[in-house]
Amino acid sequence: MTPDGMALCLACGFCCDGMLHTHTITQPDEGGRMAGLGVSLVDFRGKTGFRQPCPLHQAGNCTAYAARPATCRAYECGLYKWFMAGALSWPEALAIVESARALRASLLQKLPEQRSFRGLLNVLMDADDAAAPAALDDAVVLTEILALAVHLHRHFDENGTGSD
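Throughout what follows, the structure given in this document is the object of discussion. (Residues numbered from 1 in each chain as written. Predicted model: local features only at pLDDT ≥ 70, side-chain atom pairs only at ≥ 80, totals over all residues. Heavy atoms only, no water.)

Quick word on the overall build of the protein chain
Counting its secondary structure elements, the protein chain contains 7 helices and 5 strands. Buried positions account for 37% of the 164 residues belonging to the protein chain. (Helix = DSSP H or I, 4+ residues; strand = E, 2+ residues; numbered from the N terminus. Buried < 20%, exposed > 50% of the residue type's maximum accessible area, 1.4 Å probe, protein only.)

So this is what it looks like as structure tokens:
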């Protein structure tokens, strides 16, 4: 039996762990429920939400999957859409997820103070800052950052190409 879209989401989790997004916007009526789950809400340009990585995403799993916000329920990355449309098989979709994980793991070994890929991109954007890690002067690190960014765009962005 081929796993469904939910299985792919639970096997991936990049939309929760800071790999794809810096924050998640919640609906106005979800504040109390999210606070009850221990999620600290903050203002993002006049909208309420929480920072990524999501505090409910623990050890690669959502600890509140059934109670997740409406934005999370509605979100469908490019990989999910292509998988559900039959353009990707289960093994192909998992291979794309694992490839992104391997790229991220390699980068985070070189820049261990970073918790997320989006945090890593923020450091890169501020690379002229004296506090930027010396590793950003390394062409290999910069190449790996670019490789991961392209991989994420192609396979996870809703407007990506879905191919290599």
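Back to the write-up after that little detour.
Describing unusual backbone geometry
Each neighbour pair has its own omega, and for Gln52 with Pro53 the value is 0°, a cis peptide bond. Unusually for a residue other than glycine, Arg45 sits at a positive phi of about 50°. Owing to a relative accessible area of 86%, Arg45 belongs among the exposed residues under this scheme. A positive phi angle, close to 50°, is found at Ala59, a residue other than glycine. Mapped onto the secondary structure, Ala59 falls in the loop between strand E4 (57-58) and strand E5 (61-62).

Remarks on the pairing of strand E3 (residues 47-51)
Across 3 bridges, the pairing between strand E1 (residues 23-25) and E3 is antiparallel. Its bridge partner being in E3, Ile25 is matched across the sheet by Gly49. Two strands pair when backbone bridges link them, and strand E2 (residues 42-44) and E3 are joined in this way by 3 bridges, in the antiparallel orientation. For Phe44, the partnering residue across the bridge sits in E3 and is Lys47. Joining the antiparallel neighbours E2 and E3 is a turn of 2 residues, in which Arg45 adopts a positive phi near 50°. (Pairing = 2+ DSSP bridges.)

A closer look at the packing of helix H5 (residues 90-110) against helix H7 (residues 139-155)
Direction vectors running N to C along H5 and H7 enclose 155°, while the axes themselves pass 10 Å from each other. Overall, the two elements H5 and H7 adopt an arrangement that is roughly antiparallel. As H5 packs across H7, the resulting crossing turns out to be left-handed. Between H5 and H7, the contacting residues are Ile96, Ser99, Ala100, Leu103, Arg104, Ser106, Leu107 and Lys110 on the first element and Val140, Val141, Glu144, Ile145, Ala147, Leu148, His151, Leu152 and His155 on the second. Residues of the contact of H5 with H7, tallied by class, amount to 10 nonpolar, 4 polar and 3 charged. (Axes fitted to C-alpha atoms, helices over the stretch in contact; angles between N-to-C directions. Parallel < 35°, antiparallel > 145°, perpendicular 65-115°, else oblique. Left-handed = near helix turned anticlockwise from the far one by under 90°. Contact = heavy atoms within 4.5 Å. Nonpolar A, V, L, I, M, F, W, Y, C, P; charged D, E, K, R; others polar.)

With respect to the pattern of salt bridges
The full count for this structure, using the stated rule, is 3 salt bridges. The shortest N-O distance in the salt bridge between Glu30 and Arg33 comes to 3.0 Å. By relative accessible area, Glu30 is classed as buried at 6%. A relative accessible area of 34% places Arg33 in the partly exposed class. (Salt bridge = Lys/Arg side-chain N within 4 Å of Asp/Glu carboxyl O.)

Here's the deal with the packing of aromatic side chains
Pairs of aromatic rings are described using the distance from one ring centre to the other and the angle between the two planes. All told, the structure shown has 2 aromatic pairs when counted by the stated rule. For the pair Phe14 and Phe156, a centre-to-centre distance of 5.3 Å together with 65° between the ring planes defines the contact as edge-to-face. With Phe14 in the loop between helix H1 (5-12) and E1 and Phe156 in the segment after H7, this residue pair connects regions lying 142 residues apart in the sequence. In this pair, the class of Phe14 matches that of Phe156, namely buried. Lying over the aromatic face of Tyr65, Arg68 brings its terminal NZ or CZ to 3.8 Å of the ring centre. (Phe/Tyr/Trp six-rings, centres within 6.5 Å; stacked < 30°, edge-to-face > 60°. Lys NZ or Arg CZ within 6 Å of the ring centre and 35° of its normal.)

Some details on the nonpolar core
Within the largest apolar cluster, 23 residues are counted, with the highest numbers of intra-cluster contacts made by Phe14, Leu79 and Phe156. Looking at this core, the elements with two or more residues in it are H1, helix H4 (78-84), H5 and H7. Tallying contributions element by element places H5 first for this core, with 6 residues. Look past the residues within four positions of Leu79 in its chain and what remains in contact with it is Leu8, Leu88, Ala93, Ile96, Val97, His155 and Phe156. Judged by nonpolar contacts, the second largest core, of 6 residues, contains Met34, Phe50, Cys54 and Ala64. (Core = buried A, V, L, I, M, F, W, Y, C linked by side-chain atoms within 4.5 Å.)

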